[in-house]
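Each chain, written out:
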Amino acid sequence: MVRWAETDELAGLVAVELAADGLFEQVGIVFPPGTTMIEEVDDPGAVLVEGTPPAGFAMIGWVDGNLHLEQLAVHPRSMRQGIGGRLMAAVIDHAGAAGAPAVTLTTYRDVPWNAPWYARHGFSVMPEEEWGPELRAVVEHERELGIEVAPRVVMRR
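Residues numbered from 1 in each chain as written. Predicted model: local features only at pLDDT ≥ 70, side-chain atom pairs only at ≥ 80, totals over all residues. Heavy atoms only, no water.

Student: Quick rundown of the nonpolar core? Include the residues and the values.
Tutor: Judged by nonpolar contacts, the single largest core of 24 residues is most densely connected at L69, M88, V91, Y118 and F123. Counting residues per element, the ones that place at least two in this core are β3 (56–63), β4 (66–74), α2 (83–97), β5 (103–108), α3 (115–120) and β7 (152–156). With residues up to four places along the chain from it excluded, the contact list for Y118 reads L69, L72, M88, L105, T107, F123 and M155. (Core = buried A, V, L, I, M, F, W, Y, C linked by side-chain atoms within 4.5 Å. Buried < 20%, exposed > 50% of the residue type's maximum accessible area, 1.4 Å probe, protein only. Helix = DSSP H or I, 4+ residues; strand = E, 2+ residues; numbered from the N terminus. Contact = heavy atoms within 4.5 Å.)

Here is the structure:
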């Protein structure tokens, strides 16, 4: 069941994110060293989880008036059980309940469990001319962090 994270669960989500990030090595993507995205979160109200302890999480924020999926990670040992899909559905439901006109995200274009997976969940590539200033800043920040080691896209649903 998807639910909001508890404060004391946030630290444990680092292992989920690191394990999920490790899968990218299979497709030649190695992330630069540094903190994980979840380590920068101090508000459990920005994190949806599934499982006890959580096997996956979705971290959200607001960008240009849209709900923005900052990170979705499922521990590899818990993959292919529908956790990512249930987390994605919860994010979309929350966006609707919060009055967001859309959900946006940035992801790798050619990684099977990235852009193609989001496309199956109703997302489509958002042309650069439609990016707002905050979304443009998110993309620029990702470039500065060095994670654009393979083609990335912005997607919207």
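Student: How would you explain the pairing of β7 if you had to name every residue and give the values?
Tutor: Burial within β7 is extensive, with four of its five residues counted as buried. Taken together, the five bridges between β5 and β7 define a ladder with antiparallel strand orientation. Bridge assignment links T104 to a residue of β7, and that residue is R156. (Pairing = 2+ DSSP bridges.)

Student: Tell me about the side chain of R152, and name the residues and values.
Tutor: Assignment of secondary structure puts R152 in strand β7. Looking at R152, the relative accessible area reads 19%, which means it is buried. Within the structure, the side chain of R152 is placed 3.0 Å from the side chain of T106, a separation counted as a polar contact. Apart from residues no more than four positions distant in its own chain, R152 is found in contact with T106, T107, Y108, R109, E142 and I147. (Polar contact = N/O pair within 3.5 Å; in protein donor to acceptor, adjacent residues only side chain to side chain.)

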